[in-house]
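Chain by chain, the residues run as shown.
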Protein chains: 2
Amino acid sequence: MVKLIVDMMGSDLGSAATKEGVRRFKANHPDCELVLVGKLDELADMEGYEKIEANDTVGMTAGAMEVLRKRDASMVKAVRAAADPEMHADGVISAGGTGAFLSAATLILKKINGVKRPALVTAFPKLTDEGGYVTILDCGSSNENTAEELQQFALMGSLYSKAVYGIENPRVGLVANGSEEGKGSPLGKEAYALLKEDKKINFIGNVEGNQVLTDYTDVVVCDGFTGNVLLKTTEGVAKGMGKEIKKAFTRNLASKIGYLFARKSFNVFIDKMNPKKTGGALLLGVNGVAVKAHGNSDGENFESALNVAYKLAVANIVAKMQEGFVE
Amino acid sequence: MVKLIVDMMGSDLGSAATKEGVRRFKANHPDCELVLVGKLDELADMEGYEKIEANDTVGMTAGAMEVLRKRDASMVKAVRAAADPEMHADGVISAGGTGAFLSAATLILKKINGVKRPALVTAFPKLTDEGGYVTILDCGSSNENTAEELQQFALMGSLYSKAVYGIENPRVGLVANGSEEGKGSPLGKEAYALLKEDKKINFIGNVEGNQVLTDYTDVVVCDGFTGNVLLKTTEGVAKGMGKEIKKAFTRNLASKIGYLFARKSFNVFIDKMNPKKTGGALLLGVNGVAVKAHGNSDGENFESALNVAYKLAVANIVAKMQEGFVE
């Protein structure tokens, strides 16, 4: 049975959002055990759940020092519970600040043996007829990496892509400013040389920004700074274009009539592009499932994050990472 | 009068595309003098233009060495003509390989006094009701930069934004993985400190990937590697979403009817997102207008590139750069 620890206080929208998310998730996964962490009075209406009291929160921009100091913060208590061997928990979910969550997960769950640096992973829908997801890492856990770290990201991403999406031999690409070998930042060139020789992964070479969503690769590897830019740019363009689509449908009477006819079909597409539907990001390389829901998660978004954590626990991702990093 | 030198051989689609572009441009700018560089037999039907014979081309992946070696290549001859004082030319346009064009422009037109490194500039439409363009640099002329180079990009971008878009005091942002000061790559943090103290520009701090198209800034500064990723990711997402829009409109009978009504309104938006409409990229920081049209330019795209070059020449961008870099 899967057991997940849930930080109920992290969302910008308050515990109403996380509670709705938990209820929605639980309706579809009655078998999954959830432990709720937060203010007990706010959680009074959540009956039948194990609860852990926590009366403090960490700030959205908090880092490692605040995580260590705020021992009564719901996020910190949630991660500690996930790390506690007596809890037998599979993972932890929080909508709190990314920096704090990464610090807490790394410091408390601890890195998997052999992993140099955990990586923040995001999965994007491929914009192709076949669909599927491309796994991108690191999306901003670090802001500077070594070539060896990038090499490890490739392995972590491959193990993840196989375990979660069932892709047998995931194609790994390295983000560069050109497709040919020899292109790339100085760091990228160094990483290219390591990836090319790595027998544990299926390296297919450089991948450019315009290829990320095209099913050219299954796993996209980059340093955390570049990954953060790539992720946020994609979200920004998708959001901006979403607004333009809305504008195009409301521009005049004809376009409004058009919308009535095309609405259902467009909702399929708009759903696909909604970054909140994918349930946030997760941290790979630590001893436990650690999913970071969007900070402004509503009930539906938080449910998605719980779904991701559940899926990772069922896929036994942590054990697979641990095995993958045994030399 | 504006005089532009045109490499007629660079487009992947051959001289038919560049010839169409020249004819379209000339119809709207009869006052602008164009000098066509290419195979004379291919240009035989272009009457009334000054021509320069060139019978070779450089490869799409060529670099500086090939540029120096291929003295009879149309791109090289075009750039040489633009640099020739006796030609009194204002600029040069080519749809040939980016690397070769950057090398040729830098080596032959030479850097403006005081400029450490020229920058490749792209302008993106802001996805806001007010419209306008955001100027992004460097988009891939370098793959590694110093903080001082980023500082210069900020000045070049500001001068450009003012001269071409008439923005009086352009807001400059630095690409980072977080909005607060202290975020960013090690290079970014160093550049932040320089930009903050620079009286010549209006620095407003960090800009994240999802803010680039939102009118948060007028000028977006980054190293060439990051800029290339940002540019190509934006193009890739826009293209992918364009395909999804098409799919959404053709999914079923209702959506097809919807398209008939909404088509005109959508074309406004699709036009805005077409990267080819903006006419390619340009190199700032050299002694001459240097515009790189898309490699697969058709007549319309090539016309856009000619329009950009014309606009830059009329705005006297080179003289303004030269003045801006006088200490």
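Use the structure listed above.
Residues numbered from 1 in each chain as written. Chains lettered and ligands numbered in written order. Predicted model: local features only at pLDDT ≥ 70, side-chain atom pairs only at ≥ 80, totals over all residues. Heavy atoms only, no water.

Description of the interface of chain B and chain A
Here is step 1: Every contact between the two is made by 53 residues of chain B and, on the other side, 53 residues of chain A.
Here is step 2: For the pair chain B and chain A, the summed buried area comes to about 4,600 Å², and 67% of that belongs to carbon and sulfur atoms.
Here is step 3: The interface formed by chain B and chain A includes four salt bridges.
Here is step 4: The salt bridge partner of Glu 208 of chain A is Lys 232 of chain B, with a shortest N-O separation of 2.1 Å.
Here is step 5: Put simply, chain B and chain A have twelve residue pairs in polar contact (both at pLDDT 80 or more) between them.
Here is step 6: Secondary structure elements with two or more residues in the side of chain B that touches chain A: helix H6 (186-197), helix H7 (224-250) and helix H8 (253-273) of chain B.
Here is step 7: Top contributing element to the side of chain B that touches chain A by residue count: H7 of chain B, with 19 residues.
Here is step 8: When its residues are assigned to classes, the side of chain B that touches chain A shows 22 nonpolar, 21 polar and ten charged. (Contact = heavy atoms within 4.5 Å. Buried area = accessible area lost by both parts, 1.4 Å probe. Salt bridge = Lys/Arg side-chain N within 4 Å of Asp/Glu carboxyl O. Polar contact = N/O pair within 3.5 Å; in protein donor to acceptor, adjacent residues only side chain to side chain. Helix = DSSP H or I, 4+ residues; strand = E, 2+ residues; numbered from the N terminus. Nonpolar A, V, L, I, M, F, W, Y, C, P; charged D, E, K, R; others polar.)

What about the sheet that holds strand E5 (residues 119-125) of chain B?
All names here are of chain B.
Here is step 1: If you trace the eleven strands from one edge of the open sheet to the other, you get E3-E2-E1-E4-E11-E10-E5-E6-E9-E7-E8, paired in mixed fashion. With partners counted over all chains shown, the strands left at the sheet margins are strand E3 (50-53) and strand E8 (202-207), one partner each. On average, each strand axis in the sheet is inclined to that of its neighbour by 25 degrees, with strand direction left out of account. (Pairing = 2+ DSSP bridges. Axes fitted to C-alpha atoms, helices over the stretch in contact; angles between N-to-C directions.)

A few points about the relation of the copies chain B and chain A
Here is step 1: It takes a turn of 180 degrees to lay chain B on chain A, together with a shift of 0.0 Å along the axis; the resulting RMSD is 0.0 Å. Interpreted geometrically, this transformation is the action of a two-fold axis. Residues of chain B ranked by C-alpha distance from the rotation axis are headed by Gly 258 of chain B, positioned 1.9 Å from it.
Here is step 2: Interface residue correspondence from chain B to chain A reaches 100%, placing this contact among same-surface, isologous pairings. (Least-squares fit on C-alpha atoms with pLDDT ≥ 70 in both.)

Regarding the nonpolar core
Here is step 1: Ile 5, Val 92 and Phe 266 of chain A together with Ile 5, Val 92 and Phe 266 of chain B are the most contacted members of the largest nonpolar core, which totals 109 residues.
Here is step 2: Each residue touching Val 92 of chain A, except ones within four places of it in the same chain, is listed here: Ile 5, Ala 78, Val 79, Ala 82, Phe 101, Leu 109, Val 289, Ala 290 and Val 291 of chain A.
Here is step 3: Residues Val 115, Leu 155, Val 164 and Leu 312 of chain A belong to the second largest nonpolar core, which totals 56 residues. (Core = buried A, V, L, I, M, F, W, Y, C linked by side-chain atoms within 4.5 Å. Buried < 20%, exposed > 50% of the residue type's maximum accessible area, 1.4 Å probe, protein only.)

Some details on the side chain of Thr 122 of chain B
Here is step 1: Along the chain, the position of Thr 122 of chain B falls in strand E5.
Here is step 2: Not counting chain neighbours up to four residues away, the residues in contact with Thr 122 of chain B comprise Val 134, Thr 135, Ile 136, Cys 139, Leu 231 and Ala 281 of chain B.

Quick word on the pairing of strand E2 (residues 33-38) of chain B
Residues and elements named next belong to chain B.
Here is step 1: Here E2 lies mainly inside the structure; five of its six residues are buried.
Here is step 2: Of the strand pairs in this sheet, strand E1 (residues 3-7) and E2 are connected by five bridges, and their pairing is parallel. Its bridge partner being in E2, Leu 4 is matched across the sheet by Leu 34.
Here is step 3: Assessed by its sense of winding, the connection that carries the chain from E1 through helix H1 (residues 15-28) to E2 is right-handed.
Here is step 4: In terms of strand pairing, E2 meets E3 through four bridges, oriented parallel. (Right-handed = clockwise from strand over helix to strand, strands pointing away.)

A look at the pattern of salt bridges
All names here are of chain B.
Here is step 1: For the structure on display, the rule yields 36 salt bridges over all chains.
Here is step 2: Salt-bridge contacts for Glu 168 lead to Lys 162; the nearest nitrogen and oxygen are separated by 3.4 Å.
Here is step 3: On the accessibility criterion, Lys 162 (41% relative accessible area) is partly exposed.
Here is step 4: The shortest N-O distance in the salt bridge between Lys 247 and Glu 244 comes to 3.2 Å.

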